Structure formats: C-alpha cells, structure tokens
Amino acid sequence: MHRTKPLDHVILIIGALFLVMPVVVAFMTSTHTAAEIHRQGLQILPGSHLAETYGTVLTQRGGFTGEITGMRMLMNSFILGIGFAVGKIVLSMMAAYALVYFRFRAATFMFWVIFTTLLLPLEVRIMPSYGVMSDLHLLNTYTGLIVPLLASATGTFYFRQFFKSIPDELLEAARIDGAGPIKFFIDVIVPLSKTMIAAIFIIMFVYGWNQYLWPMLMTTDESFFTLMRGIKSILQVWVGSQIPDYNQAFAMAVLAIIPPVAVVVIFQRWFIKGLTESDK
Amino acid sequence: MAKITIDNVVKTYAGGNTAVHGVTLDIQDGEFIVLVGPSGCGKSTLLRMVAGLETISGGEVRIGERRVNDLDPADRDIAMVFQNYALYPHMTVRENLAYGLKNRGTAKAEIEARVAEAARMLEISQYLDRKPRALSGGQRQRVAMGRAIVRKPAAFLFDEPLSNLDAKLRVTMRGEIRKLQKRLGTTSLYVTHDQLEAMTLADRLVVLNGGRIEQIGKPLEIYHRPASTFVASFIGSPAMNLVDARIDNGTLSFGGLTVAVGSAVNGPVTLGLRAEDMQVAPPGQAGMSMQVEYIEELGAQRLVHGMVGDQALTVTLSPAVPLTDVMQLTLPADRLHLFDAQTGTRLHAEPRRVVQPA
C-alpha cells in the first residue's frame, strides 16, 4: 500500500480549502450588515450581526406581497425536496420491479425508451409539462410542483440494475414460500434495496431542493416560494438608492446548504454501500 | 408425505430446444430418489418442473393423487433446498424459517413450535436470532433445510444443496441429510452431479443423459450392472475401464486371454472392467501384461495406470503388492461387463467362468 507523505496531505488540505472557503466566506459575510458588505465587499472575518440577520431572514415577511417568510420558504423547499425524493423512489422502484420481474412482450424495448429519456433534460419538456399542468388547473399547487417531475429514468435504471443483481433463487424460494408478487416486493425487495433507496434519496432530495426553473414557472403565488427563489428575490430590489440585503441573501444561501448536507451526513453510510456493493 | 408420479414429462424451451425428452418416473412414498448426470442432462430442469418453477411442456406430474401441472409452487405442497441456500439476507434465521408458514396464515404459537423443533433437530437453535451472513456455509445450508422441514411438505426437493460446501463438510452434511430424511420419512428428490453423493444417498438412483433416463435402480445394482457405457463410466470412481475387445464364436478375447461368454454376439464389443476387479495374476497363471505408466497413491490403495496392448487400463491394487514395470493381471471372468460396440448398451451374455491363454 502507498504510504502517505506530507505532500499528499498538502494536496488534500488545499483541496479541502478550495471547497470549503466559499462556504466560509458566505457565512462570514452574512454576519455583517448590508451597508458594510456594499462598501467593503466579501468578508472572511466574523461580524457582529449574526443573530439579527438570521432572525430577520427566517421571520421577516418579505417578497412583493409581504406574506412570505424565510421559514415558509424553507418549508416549501422541504416539501419539494422530500416529495421529489420519496415520489421518485416509489415510482421508479415499481417501474423497475415490473421491468425486471414481469415478462412483458416489449420489456426490453420499454426499458430502452425509458433509458433514452435519461438523455433529455427537464428543460426540453418544460413547456409541454407546463401546458398540461395549466390545463389541469394545477398551477400554484404542491401537486403541480411535484408530480410532473416524478418519472425518473435515473432511478428506474439504478433500481433495475440492482434488482438484476438479486439472485433468482430468492424469488423462487419466495414463490415456494407462498409469497405473491406484492408480498415479495414488500417483504424481500424493499428491505434488500435499503442502501439503494438511501443513495437515490440523497440524489433526488438534492435535485428537488435545488430546483429553480420549474418552481418559478409553476408558481406565481408567493406562498409557494422556495429558498432558491427567495435568494434571488432579495437581490432583485435594486431600485433608486436602495441596496440589496446582501447579508440576508448570504444567510439564506447558508441556510439552504444545511438540509442537503444533513441528508448526506445521515444517509452517507448507506449511500456509499448502495453505490459500491450489492448487499448479499 | 406422498408418492410423486412423473409421467412422460417433456420440457421444450421457447427456442425449440428440448431439455427433457419424455421422462417417466414413479417415486414411492418416503423414497429418496437421486437424479444424477453430467451438467446439461436435464436433471435440474426436471426437478424445477416438479417444483413448479418451470412450466411443463408435455406429460403430467402428480404429487399424491393431485395433478400439479398448473398449480403454483406454493400450492404443490413441496419444499425446496437450493444450491446457494437462497436465504432471505435481511431476515434473521428465525424469520427465514417462519416466512413460509406466516404466508400460509399458520397460527403464531404453531409457527414458534415448529421453528423450535426444526432448529433443535438441525442444531441451529443458538443461531436463531442471527442474520444469514453471520453464518458459515454449513450453517446456512442447515437453515435452508430447516426452512423446508418446518413446512412439513409432501416432498423435499434438493437442487445440488452441497455443491457450495467444502469437501469435508459435504461428507458430514451428506450423512445428516440421509439421517434426517430417514427420520422424517419424507419423499425426496435430490439432484446432484456428484456420483459419490448419488451413490451414498439414494434409495434409488436415476441416471440421466441428454434429457433421457439411462438407468433407474438401486445404487449397487447400477454399480454392478450398468445399463450402458455412459452409466458405467459415470458411476464409480475411478471410472470403469472401457476397452475394445472381440467375441468370436462365443469366446471373448482381450489382452492375450480368452473367456467363453456364450455366443450371443460376434465381432467387436466394448468390455467394461472395474479397476478393483482385477488382480495381479499368481505365479504360473497366465495374465494380461500391462505396461505400467504411472501410479496414483491414495493411501489405503493405489491406482496403477498402464497399457494393455494399445488400450489404457486403470487398476486398483493394494500397496502391499510389489510394483514392476510390466504387471501380469487376471481377467475377472465373473465380473465382465459387455457392451455393444456401436450403441453402448449392455449385452446380457452370461459369462462362463473360465479364463484361458489365447
């Protein structure tokens, strides 16, 4: 095995700093007042307005209608992130289950159809999706925000590959033990997929959390604003002599980082397991 | 507990490939039947058709008096033990054993009693709360057998259950399977490619080749009277020597010796000789000369490989017998196996027991 030398650590430290510094700068800057930031630019030393800024961000009513608080945006982001992750996992597991375990005439063909859509980003189908949701009167609803994006080629693909690695004998043993398709799915497949589910959950939660374009199209009502939109709207007030609340924008950005980081930390152990080994 | 009737069963795959050609087999209640054959002979396919994991293309399978062709595996009243154990990895041993019963809606107390009984029988009681991955191969196989036992099925189906174990454990487990089956008296169908396993376990042995039955019989019957050269070479270790010989006017000649065998056939035949049936000829008695090529020492005995004329021969000799470069061997007149040179089927000529120099 390779013995670590001091140089390796230097490279590691530089790499870590490179990734961590922007976050530190954002956090430190958020503890100064907007005027200070406007005068002196980004800060790397702590300021004296930590509690004040974060308190304001979380509770002050803002936006154009004055009805949306940071808490509300945080909640919306959570609903979107968790709704995405859970919905995508449920849907793609069931799709993959059907593709792997049921003999369809065109199962392989269908799989490739699904797989091909992996190549198409959301932006390609964003207008038709919007049209459909608008006709269904689902604009400005959580349903409209979440449901159209639930079909996940990535998730289906990962679960399909995982299910294929489960030995056939397990299915046969379950059949002899009297477990039907639904029982087998719930009693055997789901518990075995735990690590895989954790991995997909992280990916999809972060994906949902970071959505910007889709919520912006789908919702005009400010009570559906997510954090991503909140940050943007704080910076959009450059009118006359008013300066944007940089401190609040940074505070919100820092807040926006915390939940995905927490999710990764919590699921990390399973996540790595899920992507590297099939638990036998 | 029930008899199993396999009546002219055929398996043809979608591509037109036929894996099993009309196999007929009657299994008595409580009997231990071993299906043996080389890989690809259709033995596993046949077992899986009985289990209901493969559809039956033709013929009929009956368990007890019930025709089961169209029944789900769960409804056939059978239990199966797989080669790779197929334990549910996320369940404890206890849950693994109980799963089949739970699905059938067996009462909780009954499940517990049966699991405890099976665990005691298989000596896995102390592992009941462990997950399969914390168990060794032998223990896993016990759990897999436990899963079959708790169900109290009409029949056990074993699909090469010992192939994943190391040689020593295989011998132990072989004995335990036999003991357990005797004790429970459950009809069993056992698939293996290991002829030794087949010989030691079976009440009756079914030798399969290319999707057809070559021979059915008690292990010793098959050993002593193989129905074809295929069976002769497959059953027994070392494999039976099969050499070219001739019969002229009822007299077999091989290696410079002749034996009167009756006048059933004339011309070339295949002569089968078990390695342990040949002895060193006593001084003064005519023998066939074998040019010794190499020796395999097995401890209790040694295998001597050599040539008689242009025919390879293997002989089992006691280590006490002195070795020479050329050895004079007897031809066991009452232990000759004669096969048709073309078709390989056994010729039923009763040898008269006289050996003479040519």
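Bear in mind the structure is a predicted one, so any value in this text is a computation, not a measurement. (Residues numbered from 1 in each chain as written. Chains lettered and ligands numbered in written order. Predicted model: local features only at pLDDT ≥ 70, side-chain atom pairs only at ≥ 80, totals over all residues. Heavy atoms only, no water.)

### A closer look at the overall build of chain A
Scanning chain A from N- to C-terminus turns up 14 helices and zero strands. C-alpha extents for chain A along the principal axes are approximately 75 × 65 × 30 Å. Sorting the 280 residues of chain A into buried and exposed places 39% on the buried side. Residue pairs in contact within chain A that sit at least 24 positions apart in sequence constitute 73% of those at least 6 positions apart. A total of about 15,700 Å² of accessible surface is found on chain A, and carbon and sulfur atoms cover 69% of it. (Helix = DSSP H or I, 4+ residues; strand = E, 2+ residues; numbered from the N terminus. Buried < 20%, exposed > 50% of the residue type's maximum accessible area, 1.4 Å probe, protein only. Contact = heavy atoms within 4.5 Å. Areas by Shrake-Rupley, 256 points an atom, 1.4 Å probe, with all protein chains shown as cover.)

### Some remarks on the overall build of chain B
Per the secondary structure count, chain B includes eight helices and 20 strands. Considered along the principal axes of its C-alpha atoms, chain B spans approximately 80 × 45 × 35 Å. A buried classification covers 53% of the 358 residues belonging to chain B. Once the 40 positive and 38 negative side-chain charges of chain B are each reduced to a mean point, those two points are 7 Å apart. (Lys, Arg positive; Asp, Glu negative; His and termini not counted. Charge placed at Lys NZ, Arg CZ, Asp CG, Glu CD.)

### Overview of a nonpolar patch on the surface
Residues and elements named next belong to chain A. On the surface, Phe78, Ile82, Val86, Val90, Leu91 and Met94 cluster together into a nonpolar patch covering about 470 Å² of accessible area. Mapped onto the secondary structure, Val90 falls in helix H4 (residues 70-101). Given a relative accessible area of 43%, Val90 falls into the partly exposed group. (Patch = residues over 30% accessible without salt bridge, like charges linked within 9 Å, V, L, I, M, F, W, Y side chains within 5 Å. Salt bridge = Lys/Arg side-chain N within 4 Å of Asp/Glu carboxyl O.)

### Re the interface of chain A and chain B
If you look at the interface, chain A gives 18 residues, while chain B gives 23 residues. Summed over both partners, the interface of chain A with chain B comes to about 1,800 Å²; 58% of that surface belongs to carbon and sulfur atoms. Three residues, Arg175(A), Ile176(A) and Asp177(A), lead the burial of chain A against chain B; their summed loss comes to 39% of the area buried on that side. For the pair chain A and chain B, the interface holds two salt bridges. Note that Asp177(A) is salt-bridged to Arg151(B), the shortest N-O span being 3.7 Å. Between chain A and chain B we count 13 residue pairs in polar contact (both at pLDDT 80 or more) in total. Elements with a minimum of two residues in the side of chain A that touches chain B: helix H9 (168-176) and helix H10 (181-192) of chain A. Ranked by the residues each element gives to the side of chain A that touches chain B, the list is headed by H9(A), at seven residues. The residue makeup of the side of chain A that touches chain B, split by class, is nine nonpolar, one polar and eight charged. (Buried area = accessible area lost by both parts, 1.4 Å probe. Polar contact = N/O pair within 3.5 Å; in protein donor to acceptor, adjacent residues only side chain to side chain. Nonpolar A, V, L, I, M, F, W, Y, C, P; charged D, E, K, R; others polar.)

### A look at the sheet that holds strand S1 (residues 4-12) of chain B
Across a sheet, strands are paired by hydrogen bonds formed along the backbone, either parallel or antiparallel in direction. Residues and elements named next belong to chain B. Taken together, the four strands give an open sheet; going across it, the order is S2-S1-S4-S5, and neighbouring strands pair in antiparallel fashion. Of all strands in the sheet, those bounded by a partner on one side alone are strand S2 (18-27) and strand S5 (66-67). Bridging between S1 and strand S4 (residues 58-63) involves five bridges; their strand directions are antiparallel. If you follow Ile4 over to S4, its bridge partner there is Ile63. (Pairing = 2+ DSSP bridges.)

### Observations concerning the packing of helix H8 (residues 153-165) of chain A against helix H11 (residues 194-209) of chain A
Residues and elements named next belong to chain A. Two elements in contact, H8 and H11, have axes separated by 11 Å at closest approach and are oriented at 165°. By the angle class used here, H8 and H11 are roughly antiparallel. Helix-helix and strand crossings are classified by hand; for H8 and H11 the assignment is right-handed. Mapping the contact onto sequence places Thr154, Gly155, Tyr158, Phe159 and Phe162 in H8 and Met196, Ile197, Ile200 and Met204 in H11. Residue composition of the contact of H8 with H11, grouped by class: seven nonpolar, two polar and no charged. (Axes fitted to C-alpha atoms, helices over the stretch in contact; angles between N-to-C directions. Parallel < 35°, antiparallel > 145°, perpendicular 65-115°, else oblique. Left-handed = near helix turned anticlockwise from the far one by under 90°.)

### Some details on the nonpolar core
Core analysis: the biggest nonpolar cluster contains 81 residues, and Phe163(A), Ile189(A), Leu35(B) and Leu46(B) have the highest contact counts within it. The element best represented in this core is H4(A), accounting for eight residues. Those residues within four positions of Leu35(B) in sequence are excluded, and the remaining contacts are Leu25(B), Lys43(B), Leu46(B), Leu189(B), Tyr190(B), Val191(B), Thr192(B), Val206(B) and Leu208(B). Counting residues in hydrophobic clusters, the runner-up holds 47 residues, among them Val93(B), Ala98(B), Tyr190(B) and Phe234(B). (Core = buried A, V, L, I, M, F, W, Y, C linked by side-chain atoms within 4.5 Å.)

### Quick look at the packing of aromatic side chains
In this structure the tally under the stated criterion is 25 aromatic pairs over all chains. On the numbers, 6.4 Å between centres and 45° between planes, the contact of Phe27(A) with Tyr54(A) is tilted. A residue pair is termed long-range when its members are at least 10 positions apart, and Phe27(A) in helix H1 (residues 6-30) and Tyr54(A) in helix H3 (residues 50-59) qualify at 27 residues. Classification of Phe27(A) as partly exposed rests on a relative accessible area of 32%. The exposure class assigned to Tyr54(A) is buried, which follows from its relative accessible area of 13%. Relative to Phe157(A), the ring of Phe111(A) has its centre 6.1 Å away and its plane inclined at 20°; by these criteria the two rings are stacked. Separated by 46 residues along the polypeptide, Phe111(A) in helix H5 (residues 107-116) and Phe157(A) in helix H8 bring together distant segments of the chain. Overall, Phe157(A) belongs to the partly exposed group, its relative accessible area being 27%. A network of ring pairs unites the aromatic residues Tyr97(A), Tyr101(A), Phe102(A), Phe104(A), Phe159(A), Phe162(A), Phe163(A), Phe184(A) and Phe185(A) as a single cluster. Seen from the ring of Tyr88(B), Arg147(B) lies directly overhead, with NZ or CZ sitting 5.0 Å from the centre. (Phe/Tyr/Trp six-rings, centres within 6.5 Å; stacked < 30°, edge-to-face > 60°. Lys NZ or Arg CZ within 6 Å of the ring centre and 35° of its normal.)

### Some remarks on the sheet that holds strand S18 (residues 326-329) of chain B
Residue and element names in this part refer to chain B. Taken together, four strands build an open sheet; the order of strands is S17-S16-S15-S18 and the sheet is antiparallel. Because the sheet does not close on itself, it has two edges, and the strands there are strand S17 (311-317) and S18. Here the strands of the sheet are splayed against their neighbours by 45° on average, with no regard to which way each runs. As judged from the four bridges shared by strand S15 (residues 288-297) and S18, these two strands associate in the antiparallel manner. When the sheet's bridge partners are listed, Met290 is paired in S18 with Met327.

### A few points about unusual backbone geometry
In this structure, the amide linkage connecting Ser237(B) to the following residue, Pro238(B), adopts the cis form with an omega of 0°. Take Pro238(B): it is sitting in the loop between helix H8 (229-234) and strand S11 (241-248). Positive phi outside glycine occurs at Asn140(A), with the angle close to 60°. Relative to the helices and strands, Asn140(A) is located in the loop between helix H6 (126-135) and helix H7 (142-146).

### Examining the environment of Thr192(B)
Relative to the helices and strands, Thr192(B) resides in strand S8 (residues 187-192). Look at Thr192(B) and you get buried, because its relative accessible area is 1%.

### A few points about the domain arrangement of chain B
Residues and elements named next belong to chain B. Domain annotation of chain B identifies domain 1 (4-230) and domain 2 (239-357). Taken residue by residue, the interface counts seven residues in domain 1 and 12 residues in domain 2. Taken over both partners, the interface formed by domain 1 and domain 2 buries close to 800 Å², and the fraction arising from carbon and sulfur atoms is 49%. Among the residues domain 1 hides against domain 2, the three largest losses belong to Tyr223, Arg225 and Thr229. Together they make up 60% of the total. At the junction of domain 1 with domain 2, the criterion picks out zero salt bridges. (Domains from an automatic or database assignment.)

### Comments concerning the environment of Val171(B)
Its place among the elements puts Val171(B) in helix H5 (residues 167-184). The spatial distance from the C-alpha of Val171(B) to the C-alpha of Arg66(B) is 36 Å, given a sequence separation of 105 residues.

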